[in-house]
Every structure is written in structure tokens, then in C-alpha cells.
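Per-entry structural report
Below, each chain spelled out in residue letters.
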Amino acid sequence: MIRRILPLAALFATALPVPAALPDAVQPRGGLPNFFRKMAAADRGDRDAKGEAITPRIVYFGGSITAGAGASKPDLCYRALLTKHLRSIHPKAPLLESNAALGGTGSWLGAFRLRRDIHDHWLPTDLVVVEFAVNDGDAPEPRVLGAMEGIVRQLRARHAPTDILFVYTLAKDHLDAFRKGELPDRVRWHERVAAHYDIPSVNLAQVAAAKIFAGELTIDDFATDGVHPTDRGHALYLEALKPFLAQCKAAAEAPAEPVQHPTPAAKLAPRCLDAAKLVPYEIFPREGAWRPGSDSPVDAFLHVLAGETPGATVTLAFKGDSAGYYDVIGPDTGDLEVSIDGGEWKKKGNWDVFCKDTYRAHGRILAEGLDPEQKHEIKIRIAEAQPKESRGRCFRPGFFLINGEAAIPDPYPGMGPLARIDAVYAAMEPVKFEPAADRWANLEKTRKRLAEGPSLRIVMLGDSIVNDTSSSKYELLLGRAYPKCKVEKVTSVRGSTGCWWYKDENRVEAWVLRHQPDLLMIGGISQRDDVDSIREVVRQVRAKAPETEVLLMTGAFGRADPRKDADWTPEVPAEGTGYRTRLKTLAAVERCGFLDMTGPWGTYIRASQYGMGWFKRDPIHANERGFQILGRILAAFLGAGP
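This is a predicted model, so every value here is computed, not measured.

With that settled, the discussion passes to the overall build of the chain. Counting its regular elements, the chain contains 21 helices and 21 strands. Relative to the compact-globule value of 26 Å for 642 residues, the chain shows a C-alpha radius of gyration of 28 Å, a close match. Overall, the C-alpha framework of the chain stretches about 85 × 65 × 45 Å when taken along its three principal axes. Looking at the chain as a whole, 56% of its 642 residues are labelled buried. Partitioning the intrachain contacts of the chain with sequence separation of at least 6 by distance along the chain shows that 80% fall at a separation of at least 24. Carbon and sulfur atoms make up 50% of the accessible area of the chain, which amounts to about 27,300 Å² in all. With 84 positive and 82 negative side-chain charges, the chain shows a spacing of 2 Å between the two charge centroids.

Here the second largest pocket defines a volume of roughly 910 Å³. Lining the second largest pocket are 33 residues, and of these Val-134, Asn-135, Asp-136, Gly-137 and Asp-138 lie nearest its centre. For the lining of the second largest pocket, the elements supplying multiple residues, two or more each, are α5 (107-119), α8 (185-196) and β14 (360-367). The element contributing the most residues to the lining of the second largest pocket is β14, with five residues. Grouping the amino acids of the lining of the second largest pocket by side-chain chemistry returns 12 nonpolar, 11 polar and 10 charged.

As a further point, take the packing of aromatic side chains. The final tally for this structure, using the stated rule, is 16 aromatic pairs. Aromatic side chains Phe-35 and Phe-36 sit 5.2 Å apart centroid to centroid with 80° between the ring planes, which places their arrangement in the edge-to-face category. Assessed through its relative accessible area of 0%, Phe-35 is described here as buried. Here the aromatic cluster, defined as three or more aromatic residues joined through ring pairs, consists of Tyr-78, Phe-222 and Tyr-237. Positioned above the aromatic ring of Tyr-425, the side-chain terminus of Arg-632 is 4.2 Å from the ring centre.

Conventions adopted
Residues numbered from 1 in each chain as written. Predicted model: local features only at pLDDT ≥ 70, side-chain atom pairs only at ≥ 80, totals over all residues. Heavy atoms only, no water. Helix = DSSP H or I, 4+ residues; strand = E, 2+ residues; numbered from the N terminus. Rg over C-alpha atoms; globule rule 2.2 N^0.38 Å. Buried < 20%, exposed > 50% of the residue type's maximum accessible area, 1.4 Å probe, protein only. Contact = heavy atoms within 4.5 Å. Areas by Shrake-Rupley, 256 points an atom, 1.4 Å probe, with all protein chains shown as cover. Lys, Arg positive; Asp, Glu negative; His and termini not counted. Charge placed at Lys NZ, Arg CZ, Asp CG, Glu CD. 1 Å grid on protein atoms, 1.4 Å probe; cavity = no way out; pocket = protein on both sides within 12 Å on 5 of 7 lines; lining within 4 Å. Points joined across faces, edges and corners; volume = space filled by probe spheres on them. Nonpolar A, V, L, I, M, F, W, Y, C, P; charged D, E, K, R; others polar. Phe/Tyr/Trp six-rings, centres within 6.5 Å; stacked < 30°, edge-to-face > 60°. Lys NZ or Arg CZ within 6 Å of the ring centre and 35° of its normal.

This is the structure in C-alpha cells:
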């Protein structure tokens, strides 16, 4: 672990020192031991306990500067330069980068979106670079402390080995503080959190200010708008980071057990956002004209709740101390009115004059400093008055924000698994899928087992999409349709993986044969269109278990959008070299069953009144509603109806 504080002059010999009262720009504290040890292990080609290749992960969490604003090209921003530099010092390490930066937002919204934007899809996370000092410019100290501390405590609680690095970037209005030998307020507050939790920090703003004071560049050379760095400014940020990174790399060369970063019991902030979360809008009751599941104009949301009728109301019920909303603002945004715990209605401005020609994600506080032990109710309604320069009154929340827990009744009280999936499906548009009459041609034993029993053991092989299909609990529908048969299901999947991986190193034994399937289902979107590898897996299975029947399935979900794909067709093309056509041919040649999931899934999505995001939990995968589309198609194919 790095403890020695490096003097600024030693790191940047060409720059005149900033006033002596300032602390050193680099505060190494606990360093980045786990990240660099993992990079070194990956560089050596080490394997983890499961025999998998070690893959380090870095997440960037900040505002528009980290997103890359100001750079002439995406690969010239400091974030891209830093990732490139890390790859250069460990060239064999397969470093993965996630850009979770969001322009125009600070640490307060960051605390709420952390769970979704980092932990839901990026665990284990090895390093999180946090940059919010510029975007926290208008926030008061208690809010900044609570948000930054909430970010740290959430990261530590979910995965204690995650290394964290705070970086502070420069805004023109910071220069006055640096001239006085002082840290800008927001930097100073962030540093309080960093020191309390032993998090290293690099004050990039201080380094840039030293260059400006030394006459080596002007503020306009550094950032033409005073905030977003030019290519030269972004490059300077990387140079400011390099010496610290070299120290961390050297300190982590010896293999060691991961450091479990401790979390002090005592909190700095009275309103720590360690319970902050995004809450789906659809769970809260609403009145008036709303359109749930609408397509979002920005990528931050898969779908939004859209409304523009004055008086349309949403009611938030929760236990906690803070609440807000996370929405899309743009040229047609209107203002709101808010009532807290039965209080009078007060205007909440939501129109932004800087969004007259564009849309962007946006977070707004509804209440803070509430009694965290009490239940609260906040009503939000669309205001009658249309903002002067707006084209409408629209409100498009993607999520509501709660530091605590939503207080809503269970929508499925006392329901068992089958009743629950039926309830989810009952609220959806029905799946209309008529399977081909000859679908049982190579699945006669499966058909007989379903009809007569005593059991059918299914192994599902593939990727996360196959896992989502399994999560539909379609086997419960089969059990209801075929009461004589006990349906047993084994989900044997690996994310982003197809038969190109399962076919090698005797993996078929571990992933398929040891489960003793009567029916093997192979599907997903990760097959790389490689029907030859699918053929190899089928033949390996039949060589040792010749009685096993096989069902080959095309993919669904992923990034494909049948509403926009001009090449999508409801039926499998009879000729050509497309994957669906070749997989159907393979099924016929190898005497396998064949289910084209792509056609009926795409037909459903195209016909739906909702946007495709309404059926997804992230840009790739289905949510509970999407599960039912997949499951009902599969159940219908196997004779259990939709």
C-alpha cells in the first residue's frame, strides 16, 4: 500500500509550484493495490479459481469531462487516454472499460444511479475513477458530503476489494482559490471523504492551475469554455496521473491476497446517501393521462413514463430522508407542482433553457432532510402553465429516486410462482404464436414423455439470453399442460458464450452430460453464427448419450431491434446464408428439433404499443415482462399454449 505523499514539484518539474499552502496534488493514501495486482496477474496469463482468464475491469463515474466533452475525438479524452495507458503498461491484460459518466450531473444523482450503472452489470469491479468536483459546483456542503460518502459506502458494501480513485478536474472559477493557496470548496469537501475512507486522490485541477500560473498555457488553451478540456487539456490530465500510476504499479508487483478495504462505522455526513437507489416509475400509482413504456429520447433510459396533460399525477410513498426524479428534459419539457406529506402544492421548475434544441438526462431533488424513520408521500403533477420557450408540458421520468425504501404494497400478494408469472403475463399483450405442425418430427420422445410421463429432464445450454428464457419458468406452464409429467430443468449457461466454447476441452461433459438430459436445448445470441460448432456439440452429446433429443433455437433480444431492422423477417428465409436459415438446415441434417425464436419475438415487439425497452432490464437482456415473451413462445412450441 502507498503511504508516502509525493511532492508536486518532483512530479511536475517544468511547472512553477502553486502557493505553498496547498497540499500536494497527489494524495496516494491506500493506493490501488487490488487493481494493479489484478492487471499484473492478467498480464502474466494467470487464471482464476475457476480456470477462467483474469479480466480486470475499470469504471469511470463522473460528469461530462469524464464522458469526453471538449476533446476533438472520443479517443483523445483523458478517460480514453488513461485506459490506453493502462493497457500499454500491462499489454497482455484484457482490460475492460465501462464509461458510466453522465454529462451535466453531479455526485447527488451519481449516488442514486451507482447501483444500476456499476454494480448491476460490472461486478467484480476492480477500479472506479470518480470525478464530480466540477459538477458539484452549485451544491451545498451537506449534500456533497452525503453524496460522495454514499458512493463510497455503496461501493465498499457491495464489493470491498474495489479500488477507488478520486480525481478533481478544473473549472475556470477554481483559479481564484488556487491563487489564494486554497482548495476550491468542492475539492476540499471531496477530500474530506477521501481522507476518511483512505481513498487516493489526484488533483488534476491543481496541476493544470500550476501550468497556467507558470505561463505555460492559458485557460483558453486548456479549456475554451473554461470547463471542458481541449485535447491539450485532456492530455495534461493523463500526464498528471502517470507518476501516481507508476507508483501504484511498482507497489503491486508482488502477488498478494486482495485487500478488503474497510468501511469505518462512523459516517461523516448526517444525510449519507448509502441507501440511494433508482426506483422504477411503474411501481408507483398514477392518475390521469400517462404513457408508460414510451421510447426514451436519450440512452440513459430504456423507456420512460410520458405525460403532458395538466394535472396528471404520480404519488411516491417511501420511508427515507431524500427523494427526487431522474428524467429526460428537452424542447417540450414542462414544469411540475409538488406536494410533500399533504402540504401545499409548490411549483417545481423543470424547463431548461439550454435544452431548447436537444434532450438530455437530468436529475432533480424533490425533498431532502426528511425524517428517515417515517413514511412519506410526495405527489408530483404536471403544471398547467407552459414555460414560455417550451414547445409543450411534457414530463418524462425514467426513474424516481429514493434514499431509503419505497413503501408500496406487494403486487402479487400470496402468489406462488405459477400464479405470479400468470399475473405478469395477464398485464401484457398476449403472445400470438402458432408453431409449425411438424415441430415434433425430431422430438418424438420428448412429446411422449410430456404426454405420458413420468418425467422430462431438460438441460438449457447457451448464454445469458438462454438464462432469461429459463427465468420465465416456462416449465411451470408445461407442468400445468402435462400433469402426468414431472418436468425438471437444468440451466447450464455462461455469459456471452456459445458452442464455439462448449465444444472444446471436454466441456460438454461438465456442462451437458453430467446433467443427464432427456432434451438438450441450445440457443442464445452468442453463437457467433457458428453452426459448425453447434454441430460438434450435438455430435459429442450423441456419442455418449444417443437417446438425448436436441432442440436448436435462434436468438432473441440483445441489441437487435426488429422495429428498425430492414432485414428482419417473421419467417426463416428458405434460402441464403443467414444464421437462421443455416441453423434450420443443420437441425434437419442432424435430426434436431428447431424453434425460430427470432420470428415470433420480433413479431410481438413490432406489434406492441410499448417501446422495446419496456421489455428489457438493460440494453441486452429481458426483464420480467420480456421473460414471459420468451417463455410463452417456448411453451407454445412444446404444446403448452401461450
